[in-house]
Amino acid sequence: MAAGVELGFAAAAAGPAGAWRLRSACFPSKVGGRPAWLGEAGLPGPAALRCGRCQQPCAFLLQLYAPLPDRPDAFHRTLFVFACRGAACYRLPGPRGPLCVFRNQLPRRNDTYPAEPPPEEPPPGLAAAAPPLRLGSGAALCRVCGCLGPRVCGSCRRAAYCGPQHQALDWRRGHRRSCGKNAAGESILDAFVETSPTHNMQWKSKKNDDSADAIPEHNEFLFPEYEILIEPEEPEFPADSSVDPNDEQGAVDTSKDPKEQGEIGATGSAGEAFQSLDEETLEAMAKHETEEDKIFQMFKERVAAEPEQIIRYCRGGEGPIWVSSENIPDEKDIPNCSCGAKRIFEFQIMPQLLNHLQVDSLGESIDWGTLVVYTCADNCGGGNEYLEEFIWKQDFSAGSI
């Protein structure tokens, strides 16, 4: 990715060509659906992808293709974020909890992809990309979520799952009707997919379109799928519009509108209730409210030019923009990488993404102010394995929503 802040926007993947661009060999950035794994070895297992609160499997949220041009070992590099589907798990702010993030990278010459860039158009004669049942390395993938599937159906011994929850879900969705119907000598790959020799892509064969056990492109566990389009942030806002939260002279004007000013006189008795509070307490309360107003105002000003942005990316450069003065991590709150190096800011996920995830409900909903991802400053990982990084969840303050 380029220097400076880059913004990500969700775009519908239209038609077979759009879906094709979201497969592994095209090195996509995308939201939802199943992960388009980069490396085929060392995938995070089911235990690593469980929610830190409810212990249920996390769903794939998004991935960003973020190669490092100056690092031959990270010619290809992708960050994968997973999120719990349980709304109650998002009640608390802070580290990990219902979220986790993994990093994977490969050199230009590797055992999975050709050194030349992928084609711009789908190979001829192939209708649409199908969810892979296993990777080229032989690793089986869960039929429901697309993550590592070490568990197999006890009846047909073919369908793979990450755990009992997704095995039960797939059974209810129709595997009970097709389990064991295929010929005993037919492999799962032969039954459902054909593999293109170019860029290790798997495609749904036209002759198998009506297969009784074909994996549906989407299911209720998966988040809706979008391509992420990356563009540089344009400095369209005035250079002096941002307010330094530590600058008392730069405080945002929080004066009331005329209607509110008219109400102040009618609530004089309410002020008497505060007489029991000492001056120091009142001053602290006022300062906190002003600080909160300033930081949230800064956030709104910065995103105003591109309100649909779902990603802000700037590895090691400009830090995140916060939605609140509360629950901003200190340096000590961000653990070092397992290699010993510090972690640095790489990107943040904006609250606008929630509009695309279809998670609103009459009761409790998945929610966040911003999700901030920190990664190893040394970008360790010569073994091509998937390494867990650090994610921090900040919520909006009660006064800003």
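Residues numbered from 1 in each chain as written. Predicted model: local features only at pLDDT ≥ 70, side-chain atom pairs only at ≥ 80, totals over all residues. Heavy atoms only, no water.

**Notes on the overall build of the chain**
Which entries qualify depends on this criterion: In this text, helices come from DSSP runs of H or I with a minimum length of four residues, and strands from runs of E with a minimum of two, each type numbered from the N-terminal end. Note on contacts: a residue pair is in contact if any heavy atoms of the two residues lie within 4.5 Å. In short, Shrake-Rupley with a 1.4 Å probe defines the accessible areas, and a residue's cover is counted only from the protein chains shown.
Along the chain, the regular secondary structure elements total six helices and 17 strands. Of the contacts made within the chain by residues no fewer than 6 positions apart, 73% connect residues no fewer than 24 positions apart. Summing over all exposed atoms, the chain offers an accessible surface of approximately 19,400 Å²; the carbon and sulfur share of this is 52%.

**Looking at the pattern of salt bridges**
Note on pairing: side chains with opposite charge can pair once their charged atoms come close. For the record, the criterion: Only one rule defines a salt bridge in this text: a Lys or Arg side-chain nitrogen within 4 Å of an Asp or Glu carboxyl oxygen. Buried, partly exposed and exposed residues are distinguished by accessible area as a fraction of the type maximum, computed with a 1.4 Å probe on protein chains only: under 20%, between the cut-offs, and over 50%, respectively.
Under the criterion given, the structure shown has 20 salt bridges. The closest approach of N and O atoms between glutamate 227 and arginine 21, which form a salt bridge, is 3.2 Å. Remark: arginine 21 occurs in the loop between α1 (15–20) and β2 (30–31) and glutamate 227 occurs in strand β12 (residues 226–232); sequence separation between them is 206 residues. Of the residues examined, glutamate 227 reaches a relative accessible area of 15% and is grouped as buried. Overall, the relative accessible area of 34% leaves arginine 21 in the partly exposed class. One salt bridge in this structure joins glutamate 389 and arginine 343, with 2.6 Å as the shortest N-O distance. Here glutamate 389, found in the loop between β16 (387–388) and β17 (390–394), pairs with arginine 343, found in strand β14 (residues 343–349); they are 46 residues apart in sequence, far enough to count as distant.

**Some words on the confidence of the model for the chain**
Heads up, the condition is: How sure the predictor is of each residue is captured by pLDDT, a score from 0 to 100.
Confidence in the prediction of the chain, expressed as mean pLDDT, is 82, and 76% of residues score 70 or more. Confidence drops under pLDDT 50 across residues 238–243; counting only partners more than four residues distant or on other chains, this segment forms seven contacts. With pLDDT under 50 throughout, residues 261–267 is counted as low confidence; its partners more than four residues away or in other chains account for two contacts.

**Some details on the packing of aromatic side chains**
To keep things clear, this is the line we draw: Ring pairs are drawn from Phe, Tyr and Trp, using the six-membered ring of Trp, whenever the two centres fall within 6.5 Å, and their geometry is named by plane angle: stacked under 30 degrees, edge-to-face over 60, tilted for the rest.
Tallied over the full model, the rule gives 14 aromatic pairs. Relative to phenylalanine 396, the ring of phenylalanine 299 lies with its centre 6.4 Å away and its plane at 80°, an arrangement referred to as edge-to-face. Linking phenylalanine 299 in helix α6 (residues 279–303) with phenylalanine 396 in the segment after β17, this pair joins segments that are 97 residues apart in sequence. Owing to a relative accessible area of 5%, phenylalanine 299 belongs among the buried residues under this scheme. For the ring pair phenylalanine 390 and tryptophan 392, a centre distance of 6.3 Å and an interplane angle of 45° mean the geometry is tilted.

**Overview of the side chain of arginine 312**
Position of arginine 312 relative to the elements: it lies in strand β13 (residues 311–313). In contact with arginine 312, other than residues within four places in its own chain, are Val5, Glu6, Leu7, Glu233, Arg302, Glu318, Ile321, Phe345, Glu346, Phe347, Gln348 and Met350.

**What to know about the state of the cysteines**
One covalent bond between the sulfur atoms of two cysteine residues makes up a disulfide. So the rule is basically this: Put simply, a disulfide is two cysteine sulfurs that come within 2.5 Å.
All told, the structure shown has zero disulfides when counted by the stated rule. Cysteine 376 takes part in no disulfide bond, and the closest cysteine sulfur, belonging to cysteine 339, lies 3.6 Å away.

**So, the environment of glycine 42**
Along the chain, glycine 42 falls in the loop between β2 and β3 (59–65). Once residues within four sequence positions are removed from consideration, glycine 42 is found in contact with Glu385 and Tyr386.

**Description of helix α2 (residues 164–178)**
We apply this condition: In this scheme, a helix's expected span is set at 1.5 Å multiplied by one less than its residue total. The angle between axes fitted to the seven-residue stretch ending at a residue and the seven-residue stretch beginning at it gives the bend at that residue.
An ideal rise of 1.5 Å per residue puts 21 Å on 15 residues; α2 reaches only 18 Å between its terminal C-alpha atoms. Within α2, the axis deviates most sharply at arginine 172, by approximately 70°. Residues of α2 that are buried sit in contact with β8 (151–152) and β9 (160–161).

**Overview of the pairing of β3**
Cut-off, in case you're wondering: For two strands to pair, DSSP has to find at least two bridges joining them.
Of all seven residues in β3, seven are buried, a share of seventy percent or more. Note: β2 against β3, two bridges, orientation antiparallel. Opposite lysine 30, over in β3, you have glutamine 63 as the bridge partner. Sheet topology places β3 next to strand β4 (residues 76–83); six bridges connect them, and they run antiparallel. If you follow tyrosine 65 over to β4, its bridge partner there is threonine 78.

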